[in-house]
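Observations on the model geometry
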Amino acid sequence: MNDSLLRELVPAVIGVLVRRGADFATAEDAVQDALVEAVRKWPDDPPLDPKGWLVTVAWRKFLDALRADTSRRRREELVDAEPMPGQGTAVDDTLALYFLCAHPALTSASAVALTLRAVGGLTTRQIAQAYLVPETTMAQRISRAKRTVSGVRFDQPGDVATVLRVLYLVFNEGYSGDVDLAAEAIRLTRQLATMIDHEEVAGLLALMLLHHARRPARTGPDGRLVPLAEQDRSRWDTVLIAEGIDVLQAALTRDRLGEFQAQAAIAALHADARTVEETDWVQIVEWYDELVRRTGSPVARLNRAVAVGEADGSRAGLAALADLDPSLPRYAAVAAHLHERDGDPVTAARLYAQAAGSAPNLPERDHLLRQAARLNTQLRG
Amino acid sequence: MAKYLLLKHYRGAPAAVNDAPMDQWTPEEVTAHIQYMRDFATRLQSTGEYVGEQALSPEGTFVRYDGEGRPPVTDGPFAETKDLVAGWMVIDVETYERAIELAGELSAAPGAGGKPIHEWLEVRPAYGEQATATE
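Residues numbered from 1 in each chain as written. Chains lettered and ligands numbered in written order. Predicted model: local features only at pLDDT ≥ 70, side-chain atom pairs only at ≥ 80, totals over all residues.

**Details of the overall build of chain B**
Rules: Each helix corresponds to a stretch of at least 4 residues labelled H or I by DSSP, and each strand to a stretch of at least 2 residues labelled E; elements are numbered beginning at the N terminus. For the radius of gyration, the atom set is restricted to C-alpha positions; the globular benchmark scales as 2.2 Å times the number of residues to the power 0.38. This entry defines residue contacts through backbone-placed C-beta atoms, with two residues in contact when those atoms are within 7 Å.
When you go through chain B residue by residue, the secondary structure sums to two helices and six strands. Secondary structure elements of chain B occur, N-terminal to C-terminal, as β-α-β-β-β-β-α-β. Since a compact globule built from 135 residues should have a radius of gyration of about 14 Å, the 18 Å found for chain B marks it as more spread out than a globular shape. Sequence separation of 24 or more characterises 72% of the internal contacts of chain B that already satisfy a separation of 6 or more.

Now the structure itself:
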């Protein structure tokens, strides 16, 4: 049994413990302890019923934790506790965990950490490595998050949009350390999509698949960022693209459009073009219009200006840009790109250098510096 | 072993020998520079002398407390004359001489024309732990 199959059982096992009357925070710790034991014991002695094994061991760990607790209060409460109403299924429990871990009372960083641990089954150490913070810091973040949601009823349904936001954040973190957060986000979104029939869950899953499909082409061998127009499209993962498009089309037929479906539609149009010249920029602009209507997001407006520049020429793109606030992140980078296409390399080079100075990460900064360097070299030559 | 902080400056250090700003290099020179820095860190990891590093954005602000119930006072972006740190690396090495040797290597990173930048780096010893034997 591999690591991710093992981790798929985590939310259901936590659910069983909670339904037996355990509090969420202690149950979650107990399941983590059981996981550690599973990783140690299963290679030599694999259980016939992995989930049953985990439930048994986790329940024992939970009882141990209660015994270790100096106060007997909770044990007594447990004896008196009313059983949870209704006969919950494993699916209900897992779904309830998604909502709990994305609870609006949590900050995004806490919701992300708690989701990765309680729903994803990652260890605190793995999460800490992925987010480049010390393990003790991440442990504190998780335990504070658990305290924050400790009073929330476990079976309370929430707003699926909060869950999607958390999964989207995990996906966007990409990968560092030995945990591939993008792949983990896809796994969790896939699992969510099997439990809940919602067009935006499908939209987000499609968006992730379509972006993930391009990942092999997005960075060069030396770690440098390769922009969409220059990517070797033969390195895109066609299986993921096909799946993403299927998932998206099924969602779109329901005629309940949302932000993630619109973003996925844009990603699908890029994925559909065998060469950059074949890109259907007119349709992409229409989807950005839709996205701007729905969200009013300045980032969507900025991306729309790029698409307008491709569909209707650089002048139209610059005109679309003129309506936007120049202090927007990546504004200078977009302006540089449009000015270069407009045949003004001097302005473009200056703007690329400026954009490099305010880039949000090193790969982007290095890319923008190279763009400035390329134009300045041409101008000297 | 002793820890040293190597500081790289956007501004505030004496001028480097090869002082052309990065956007005036060729793209290949930019790539070579980035690769040199990456290789340097990888090599220190393999020798067991690497602790950590962080590159910093040139955007920065000074902040100070302004009294009870008032929001902090901010000042910035920094004036052109102010010292501006571009990034830091912490190394853990046997001797002061080794720290100086490594900073020298880092300063040799290639810049315009593929030639070393000869950039001035600041080497700052960190205070060590109190040794048990001196109790």
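On we go.
**Describing the overall build of chain A**
Filter applied, for reference: Partly exposed residues are those falling between the two cut-offs: more than 12 but fewer than 20 other C-beta atoms within 10 Å of their own, whereas 20 or more means buried and 12 or fewer means exposed, with C-beta atoms placed from the backbone.
Helix and strand content of chain A: 21 helices and two strands. Dimensions of chain A, computed from C-alpha atoms along their principal axes, come out at roughly 80 × 45 × 40 Å. Looking at chain A residue by residue over its 381 residues, the buried ones come to 41%. Within chain A, counting contacts between residues at least 6 apart in sequence, those at least 24 apart form 61% of the total.

**Observations regarding the interface of chain A and chain B**
To keep it simple, the criterion reads: Gly is placed with the polar residues, together with every amino acid not listed as nonpolar (Ala, Val, Leu, Ile, Met, Phe, Trp, Tyr, Cys and Pro) or charged (Asp, Glu, Lys and Arg).
Listed per partner, the contact involves 14 residues of chain A and 13 residues of chain B. Within the residue set of the side of chain A that touches chain B, elements represented by two or more residues are α20 (345-357) and α21 (362-380) of chain A. Among the elements that line the side of chain A that touches chain B, the one with the most residues is α21(A), at nine residues. Looking at side-chain class alone, the side of chain A that touches chain B contains six nonpolar, four polar and four charged residues.

**A look at the pairing of strand β1 (residues 2-11) of chain B**
All names here are of chain B. Note the following rule: Two strands are said to pair when DSSP picks up at least two bridges between them.
Note: β1 against strand β5 (residues 84-93), nine bridges, orientation antiparallel. Looking at β5, one finds that Leu 7 is bridged to Trp 88. One ladder, built from four bridges, connects β1 with strand β6 (residues 122-125); its direction is antiparallel. By the bridge assignment, Leu 7 is partnered in β6 with Glu 122.

**Quick word on the environment of Arg19(A)**
With respect to the secondary-structure elements, Arg19(A) resides in helix α2 (residues 10-19). Taking C-alpha positions, Arg19(A) is 27 Å from Ser108(A), a pair spaced 89 residues apart along the chain.

**Here we look at the nonpolar core**
The condition is simple: Nonpolar core, as used here: buried Ala, Val, Leu, Ile, Met, Phe, Trp, Tyr and Cys residues forming one set through C-beta atoms within 7 Å.
Among the nonpolar cores identified, the biggest contains 118 residues, and Val13(A), Leu17(A), Val31(A), Ala58(A), Ala206(A), Leu210(A) and Tyr352(A) are the most heavily contacted of them. At 10 residues, helix α12 (residues 199-213) of chain A tops the list of elements feeding residues into this core. Each residue touching Val13(A), except ones within four places of it in the same chain, is listed here: Val31(A), Lys51(A), Leu54(A), Val55(A) and Ala58(A). Judged by nonpolar contacts, the second largest core, of 11 residues, contains Leu44(B), Ala103(B), Leu106(B) and Ala109(B).

**Things to note about unusual backbone geometry**
Residue and element names in this part refer to chain A. Non-glycine residue Leu 132 carries a positive phi angle of around 55 degrees. For Leu 132, the position within the fold is in the loop between α8 (124-130) and α9 (135-148). Phi at Asp 255 is positive, roughly 60 degrees, even though this residue is not glycine. Among the structural elements, Asp 255 can be located in the loop between α14 (238-252) and α15 (259-272).

**Section: the environment of Asp272(A)**
By the secondary structure assignment, Asp272(A) is in helix α15. Remark: the alpha-carbon pair of Asp272(A) and Ala242(A), spanning 30 residues in sequence, is separated by 9.5 Å.

**Here we look at helix α4 (residues 50-68) of chain A**
In plain terms, the rule: Between the first and last residue of a helix there are one fewer steps than residues, each counted as 1.5 Å, and that sum is the expected span.
Between its first and last C-alpha atoms α4(A) spans 27 Å; for 19 residues at 1.5 Å apiece the expected length is 27 Å, and the two agree. Among the structural elements, α2 and α3 (24-41) of chain A are those in contact with the buried residues of α4(A).

**Some thoughts on the packing of helix α10 (residues 160-172) of chain A against helix α11 (residues 181-195) of chain A**
All names here are of chain A. Cut-off, in case you're wondering: All axes here are fitted lines through C-alpha atoms, helices being fitted over the stretch that makes contact, and every angle between N-to-C directions spans 0 to 180 degrees. Any angle from 65 to 115 degrees is called roughly perpendicular, while one under 35 is roughly parallel, one over 145 is roughly antiparallel, and all others are oblique.
At a minimum axis separation of 7 Å, α10 and α11 run at an interaxial angle of 155 degrees. Judged by the inter-axis angle, α10 sits roughly antiparallel to α11. Along its contact with α10, which presents Val 163, Leu 167, Val 170 and Phe 171, the element α11 presents Leu 181, Ala 182, Glu 184, Ala 185, Leu 188, Thr 189 and Leu 192. Along the lines of polarity and charge, the residues of the contact of α10 with α11 split into nine nonpolar, one polar and one charged.

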